[in-house]
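Structural characterization, general
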Amino acid sequence: WYRKAAEQGHPNAQFSLAGFCEEGKAVEQSDEDAVKWYLLAAKQGVAGAQINLGVMYDLGKGGLVKSDVKAAYWYGKAASQGIDRAQFDLGSMFAQGRGVDQSDELAAGWFTKSAKQGNAASQLNLGAMYEQGRGVPRDTSEAAKWYRKAAEQGDANAQLNLGIPVQSNKMPFVRARGRSIIFKEPTPPLNAPPCFPPPPRTRTTQT
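As the structure is a computational prediction, the values presented were derived from the model and not from experiment.

Right, let's get into the packing of helix α7 (residues 104-115) against helix α8 (residues 120-132). For any two helices packed against each other, the geometry comes down to the angle between their axes and how far apart the axes lie. In contact at an axis separation of 8 Å, α7 and α8 are set at 140 degrees when each is read in the N-to-C sense. Comparing their axes, α8 and α7 come out oblique. Seen from above, α7 lies across α8 with left-handed handedness. Along the contact surface, α7 presents Asp104, Ala107, Ala108, Phe111, Thr112, Ser114 and Ala115, while α8 presents Ser122, Gln123, Asn125, Leu126 and Met129. Of the residues belonging to the contact of α7 with α8, the class tally is 6 nonpolar, 5 polar and 1 charged.

See below:
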């Protein structure tokens, strides 16, 4: 039924079907088919499909040629819709100069948007940027604030930056320590949201 709806152009059905194809759920696993449906949904503005298509380009999956430029493009599409994970991905691309012109200022800007939504990876990287004065004024107090927010979510790197033993429940205030920014590998694709209505059930009666 999802395939029929997807073929009729329903974007959420296309996104769901892409996820099924990628994971091999109810259909034969196929990254190539996943890319096909992600692309159709992404062009219709489905943020999850835009992120996942970015990941596919980032990793060179589904028959796609690995492309930082196209990965950054699709991360940007989802980031502009306010998706925190895409904002983190785009911030990482700007910080590293992958697929875009390197810009610490833009990286810090996207990390900030994402961090304010509670994204721990962005909180960690934003803390490091404040600590090092990259794209923002150097401010160890602000760095410690963002490290702490990530640490409270269990981020081990943030805990180490604060000098907190990993897996410790104690959160003493300590000055942030100098460490390099840590950029994580692309995260796994988003799961399709259960937002597409199921097909209507028809009641049958015996005569």
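Don't stop here, the text continues.
Inspection of every chain in the model, using the stated rule, returns 7 salt bridges. Close ionic contact of lysine 66 with aspartate 68 constitutes a salt bridge, the shortest N to O distance being 3.3 Å. With a closest N to O distance of 2.9 Å, lysine 145 and glutamate 142 form a salt bridge. In this pair, lysine 145 and glutamate 142 both sit in helix α9 (residues 140-151), 3 residues apart, roughly one turn of the helix. Under the relative-accessibility criterion, lysine 145 is labelled partly exposed at 35%.

Moving on: the packing of aromatic side chains. Summed over all chains, the structure comprises 3 aromatic pairs. Measuring from ring centre to ring centre gives 5.0 Å for tyrosine 73 and tryptophan 74, while their planes differ by 85 degrees; the resulting arrangement is edge-to-face. When its relative accessible area of 46% is taken as the criterion, tyrosine 73 is described as partly exposed. When the ring of phenylalanine 88 is compared with that of phenylalanine 111, the centres are 6.0 Å apart and the planes differ by 35 degrees; the resulting orientation is tilted. Taken together, the residues span a long stretch of sequence, with phenylalanine 88 in helix α6 (residues 84-96) and phenylalanine 111 in helix α7 at a distance of 23 residues. With respect to burial, phenylalanine 88 and phenylalanine 111 carry one shared label: buried. One residue, lysine 113, lies across the ring of tryptophan 110, its end atom 5.9 Å from the ring centre. The ring of tryptophan 146 carries the charged tip of lysine 149 above its face, separated from the ring centre by 5.8 Å.

Criteria and thresholds
Within every chain, residues take consecutive numbers counted from 1 along the sequence as written. It should be noted that, the model being predicted, local features are given only for residues of pLDDT at least 70 and side-chain atom pairs only at 80 or more, the latter also being counted only at that level, while totals for whole chains, interfaces and linings use all residues. Hydrogens are left out, water is left out, and the side-chain values use all remaining heavy atoms of the structure. Axis definition: a line fitted to C-alpha atoms, over the contacting stretch in the case of helices. Angles run 0 to 180 degrees between N-to-C directions. Numbering of helices and strands runs from the N terminus, with a helix taken as a DSSP run of H or I at least four residues long and a strand as a DSSP run of E at least two residues long. Here the word oblique covers every angle except those under 35 degrees (roughly parallel), over 145 (roughly antiparallel) and from 65 to 115 (roughly perpendicular). Crossing chirality is assigned from the near helix's rotation relative to the far helix, an anticlockwise turn below a right angle marking it left-handed and a clockwise turn marking it right-handed. Whether two residues are in contact is decided by their heavy atoms, any of which lying within 4.5 Å being enough. Residue polarity follows a fixed list, in which Ala, Val, Leu, Ile, Met, Phe, Trp, Tyr, Cys and Pro are nonpolar, Asp, Glu, Lys and Arg are charged, and the others, Gly among them, are polar. By convention in these notes, a salt bridge is any Lys or Arg side-chain nitrogen within 4 Å of a carboxyl oxygen on Asp or Glu. Only protein chains enter the area calculation, which uses a 1.4 Å probe; residues under 20% of their type maximum are buried, those over 50% are exposed, and those in between are partly exposed. Put simply, two rings from Phe, Tyr or Trp (the six-membered ring, in Trp's case) pair if the centres are within 6.5 Å, and we call them stacked under 30 degrees between planes, edge-to-face over 60, tilted for the rest. Only lysine NZ and arginine CZ atoms are considered, and such an atom sits over a ring when it is within 6 Å of the ring centre and within 35 degrees of the ring normal.

So far we have only geometry, and geometry alone does not tell us how the molecule works.
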